[in-house]
Structure formats: C-alpha cells, structure tokens
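Each chain is listed here by its residues.
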Amino acid sequence: MPANTFALTGSRPHTSNVPNRTFGSDAWNALVLRFSAVAAQAATIWITWPLWTVRHYNPAQASPVSPMLPAFPLPQFDVLPWLLGSLVVVLFAPRWGVVLHGAILFWAILLDQIRMQPECISLWVLMLGSLNSPGVKLLARSHLIALWFFAGFHKLISPGYYEAVVPFMAGRSPGDSPIAYQVLGGLAALFEMALAGLAIVPRTRRLCAVLAAPFHLAVMWWLAFHMHWNESVCPWNAAIAVAGFTLIWPWRSSFRDDWRHVSRPGRVAVAFVLLSPLLFYVALFDPFLSYCIYTSNVPEAWIAVPGGESIPISSLLGPELNVAIPPEHRLFEAYFEQVGQPSDTLIIEDPRWWARLRGYDHREIVKPAAHDVAK
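Figured I'd write up the structure that's included with this text. All values derive from a computational prediction rather than experimental measurement.

This part covers the overall build of the protein. Counting its secondary structure elements, the protein contains 16 helices and four strands. In terms of C-alpha radius of gyration, the protein reaches 22 Å, essentially the compact-globule figure of 21 Å for 375 residues. Judged by the C-alpha coordinates and their principal axes, the protein covers about 85 × 50 × 40 Å. For the protein, the proportion of contacts with a sequence separation of at least 24, taken over those separated by at least 6, is 68%. Surface accessibility of the protein: about 18,300 Å² in total, with carbon and sulfur atoms responsible for 67%.

A word on the nonpolar core. Across soluble globular proteins, you tend to see nonpolar side chains buried next to one another. Counting 81 residues, the largest nonpolar core has Trp52, Leu126, Leu144, Trp148, Ile313, Ile325 and Leu346 as its most contacted members. If one sorts the elements of this core by residue count, helix α6 (residues 134–156) sits on top with 10 residues.

It is worth spelling out the sheet that holds strand β3 (residues 345–349) at this point. Strand order in the open sheet made by the four strands is β2-β1-β3-β4, with antiparallel pairing throughout. Unpaired on one side and paired on the other, β2 (310–312) and β4 (362–366) mark the two borders of the sheet. Within this sheet the neighbouring strands show an average axis-to-axis angle of 25°, counted without direction. The pairing of strand β1 (residues 300–304) with β2 spans three bridges and is classified as antiparallel. Within the sheet, the bridge partner assigned to alanine 304 lies in β2 and is serine 310. Helix α14 (residues 329–339) rests against β1, β3 and β4 of the sheet, and its axis sits at about 165° to β3.

For an α-helix, the turn length of 3.6 residues means that residues three or four places apart are oriented alike. Look at helix α8 (residues 179–200): 32 Å from first C-alpha to last across 22 residues, which is about the 32 Å you get at 1.5 Å a residue. Buried-residue contacts for α8 involve α6, α7 (159–169), α9 (205–227) and α10 (234–248).

Next up on the list: unusual backbone geometry. Glycine aside, a negative phi is what most residues show, and trans is what most peptide bonds show. A positive phi angle, near 60°, is found at alanine 283, a position not held by glycine. In this structure alanine 283 comes out as partly exposed when scored by relative accessible area, which is 33%. With a phi close to 60°, serine 296 is a non-glycine residue in the positive phi region. Summarising the element assignment, serine 296 is placed in the loop between α12 (264–275) and β1. Here serine 296 falls in the partly exposed class, since its relative accessible area comes to 27%.

Attention shifts here to a nonpolar patch on the surface. Judged by side-chain polarity, Ile179, Val183, Leu184, Leu187 and Leu190 come together as a nonpolar surface patch covering roughly 500 Å² of accessible area. Considering the arrangement of structural elements, one finds valine 183 in helix α8.

For the structure shown, the criterion picks out six salt bridges. One salt bridge in this structure joins aspartate 286 and arginine 330, with 2.7 Å as the shortest N-O distance. Of the two residues, aspartate 286 is situated in the loop between α12 and β1 and arginine 330 in helix α14; the sequence distance between them amounts to 44 residues. Take aspartate 286: its relative accessible area is 11%, and that puts it in the buried class.

Here the focus is the state of the cysteines. By the definition in use, this model includes zero disulfides. Among the cysteines around cysteine 234, which has no disulfide bond, cysteine 120 carries the closest sulfur, lying 13 Å off. Classification of cysteine 234 as buried rests on a relative accessible area of 5%.

Relative to the 16 Å expected for 12 residues at 1.5 Å per residue, helix α5 (residues 118–129) spans 16 Å between its end C-alpha atoms, a close match to the ideal helical length. Burial runs high along α5: 10 of the 12 residues are buried. The secondary structure elements touched by the buried residues of α5 are α2 (26–47), α3 (80–92), α4 (94–111), α6 and α10.

Burial analysis of β3 places four of its five residues in the buried class, which makes it a mostly covered element. Two strands pair when backbone bridges link them, and β3 and β4 are joined in this way by five bridges, in the antiparallel orientation. Across the sheet, the residue bridging to threonine 345 is valine 366, located in β4.

Moving on, we come to the packing of α7 against α8. At a closest axis distance of 10 Å, the pairing of α7 and α8 adopts a crossing angle of 100°. By the angle between their axes, α7 is roughly perpendicular relative to α8. In this structure, α7 contributes Tyr161, Tyr162 and Val166 to the contact, and α8 contributes Tyr181, Gln182, Gly185, Gly186, Ala188 and Ala189. Classifying every residue of the contact of α7 with α8 by side-chain character gives six nonpolar, three polar and no charged.

Let us look at the packing of aromatic side chains. One pass over the structure, following the stated rule, counts 16 aromatic pairs. Within the aromatic cluster, the residues linked to one another by ring pairs are Phe149, Phe150, Phe153, Phe280 and Tyr281. Just above the ring of tyrosine 181 sits the side chain of arginine 172; from NZ or CZ to the centre is 4.9 Å. Positioned above the aromatic ring of tryptophan 251, the side-chain terminus of arginine 205 is 3.6 Å from the ring centre.

What counts, and where the lines are drawn
Chains are numbered independently. Their residues run from 1 in the order of the written sequence. In keeping with the model being predicted, local features are shown solely for residues with a pLDDT of at least 70 and side-chain atom pairs are shown and tallied solely at 80 or more, while totals for entire chains, interfaces and linings include all residues. Where side-chain values are given, they derive from all heavy atoms of the structure, hydrogens and water being excluded. Only runs of H or I of at least four residues qualify as helices and only runs of E of at least two qualify as strands under DSSP, and these elements are numbered from the N terminus. Atoms counted for the radius of gyration: C-alpha only. Globule rule: 2.2 Å times the number of residues to the power 0.38. In this analysis, two residues are considered to be in contact whenever any of their non-hydrogen atoms come within 4.5 Å of each other. Only the protein chains shown count as cover for residues, and the accessible areas themselves come from Shrake-Rupley with a 1.4 Å probe. Here, the term nonpolar core denotes a set of buried Ala, Val, Leu, Ile, Met, Phe, Trp, Tyr and Cys residues that are joined through side-chain atoms within 4.5 Å. Throughout this description, buried means an accessible area under 20% of the type-specific maximum (1.4 Å probe, protein chains only), exposed means over 50%, and partly exposed covers the range between. Think of it this way: DSSP has to see at least two bridges between two strands before they count as a pair. Axes here mean lines fitted to C-alpha atoms, for a helix over just the part in contact, with angles spanning 0 to 180 degrees between N-to-C directions. In this analysis, the expected span of each helix is defined as 1.5 Å times one less than the number of residues it contains. In this analysis, a patch consists of residues with relative accessible area above 30% that form no salt bridge, clustered at 9 Å for like charges and at 5 Å for the nonpolar side chains Val, Leu, Ile, Met, Phe, Trp and Tyr. The salt bridge definition used is simple: a Lys or Arg side-chain nitrogen within 4 Å of an Asp or Glu carboxyl oxygen. Here, a disulfide means two cysteine sulfur atoms that sit within 2.5 Å of each other. Throughout this description, any angle smaller than 35 degrees is read as roughly parallel, any larger than 145 degrees as roughly antiparallel, any in the 65 to 115 degree range as roughly perpendicular, and the remainder as oblique. Each residue is assigned to one of three groups, with Ala, Val, Leu, Ile, Met, Phe, Trp, Tyr, Cys and Pro labelled nonpolar, Asp, Glu, Lys and Arg labelled charged, and all others, Gly among them, labelled polar. Pairs were defined over the aromatic rings of Phe, Tyr and Trp, the Trp ring being its six-membered one, requiring ring centres within 6.5 Å. Orientation was assigned from the angle between planes: stacked under 30 degrees, edge-to-face over 60, tilted for the rest. Charge-over-ring contacts are defined here by two conditions on Lys NZ or Arg CZ: a distance within 6 Å of the ring centre and an angle within 35 degrees of the ring normal.

And the structure:
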C-alpha cells in the first residue's frame, strides 16, 4: 500500500511492520536508553551512597545517622554492592539484569522505606523500556507521560507550590514571590503537562523530545550548579532527556494501536501507571510514587520539643543520605518512634481534602514519658 494512502485514510501500520527511519534504529535507541538509565542509576546510588548501607541510629552521637525505616522486620544487609552488580548484569544480559535489579531494588525498599525514591524507581522503568518488547516499551512510554502530566498537574493545583516552592527555587523567602514569579511557576507546570500531551499525539512526539531535553537539562543545571541542592535527581533528569529521543521520538504508532497489541496483563499495568497517581488524593498511593515532586501538596511533619521549638522532620533527616524522607504518615510515625524523645510531640499536617474529610488533616502524637511507659 503506498505511503500516501496512510496519510489519506489516517490509519497507520503497526510499528513492527514499519522500518524505523527516525532518530536511530530500534537496537541503537534501546542500547542508548539502557546505558543512560544504568549510568544514571549508578550515579544516583553513588550520590546517595549511605542510603544503601546498614545504618544504626545512636542518639548519643554528636551527629547521629538517620535511622532505617523497614517495612517488615527483615534481616538487614548492605544492598549497595548487589545493586551495582545487578546494573552490570543489565548491560550484558538485559532481560535477566532488569529483572534482577528490580527485585533487589524492591527488597532494598522493604529493608528501608526511605529508599523509595522516585528517581530510582523511574530509572528502573526506563531500563525496562529498553527491552525488545512492545508491552514494556508502552509501559515505559506511559510512565513518561504520567510523570510529565502529574508532575505538572500536582503543582498547578497546589497553593503551597506558589507560596513556598516557587520562592525557594528563585532564592527567595517563603511567601516572597512576586506575581511574575507565580505566573512563571504556573507556566512551568503547564509546560510539563504539555509534554505529556505532545508525547501522546504521534505528529508532535518529535517536538516533545526536542522540548523535553533542554527542560530536564536546565532542571539538572539549576539544582546542581545554581542551588547546589538535591543533586540526587540530576542523573535522573539527564536520563529523561535521553529517553525523550530514544523512547518518544521514534514512537510512530498510535497509543490505541499499541494498546491493542499488548496482552491483558500489559494493559492492566499500563492503565495502572497512567491512573494510579490519582489515588494519592484519596491516600491510597504514596506521594513520591504519584509524582508529587516539588509540589508542597503532601503531608508535612514536625517534632515539637516541650518548651522548645518545632523542628521539621525534613531538616532532621541526615544530610549524608542526600534524599528526602517520603512524605507519608506511616513513615513520619516510624521515624518519630526511633528519634523522638519522651514527651516530644509529632505534628502532622496533611493538606489533602480527603484528609480533612476523614479527620486526619492535623494530628498530634505525644511520645509517652519514661514513667508513663513503666506504668
């Protein structure tokens, strides 16, 4: 069938039946994506080195390390060499390596939930997308679409984003944000959402890749070289810039066509990736897993000392980890259980409407004094 027939009818053959004459061959795109994701994951692990080792909290130390927050009482061990070793396997035996790295990362998170960082999980999904399977490629592409859309959406509807995050990123005090800065903040959120829309429409995918690369590289430069803050997400931003050209640019078929060629379990996985971030608003999905990044629409917690000030838990987390504690009630409570002193109070503020509806938008938990425990 002549090529102009497809243009007239609006139908497109499936990707597997069309030679790839776009950014590069399928094999080359997969290789570049795989190497970039592996390199970014290795750099992230290096930047957050102590996060992946066994830590023992000792309040008697002058600068105690942050405690581990296990999901279950499992035997602890240093997962760092296992994670790095599995990345080597990804390069030489991609299918087995991606499965192995994902399993080790999952186990590492069970051993310490502070490790549930969005950049580490996202980079594993990009490695998955480098495999020669239409289903996993659609899953990885859906991940990028959801990431761009919800990262912008959460910001756009969050008052705290304009009041606290935008001034902070601009080097100003909270609340000190001229209207021009707020407009720029809103435009940045809309830009992220627009990337998702451009990635869905076949004719605008190249534009998406061209716009996404400088955007993520600019974010990386701003954090690493201007603010010297949160460098752990910089390799992730670099990998996403590459993924725009290796996953989105060569994507020629429509989302509907790809959906039809994916198995039922694959469709469930894709639908979950695209829609699960909405579960954050009813407290069924964690903020970081919902792409709540620099949004200020997540729960916050403080530890109030009797007769003293309230200290944000975010400032108590050891700087050696170079990551933020995932903002979830259960993790704040687990952290307070280990760090809080008798008679201290844990204060949690949750801005979500669901929290107000269910009555846990403001919580105060007092740690019993020693004599109360004895009784």
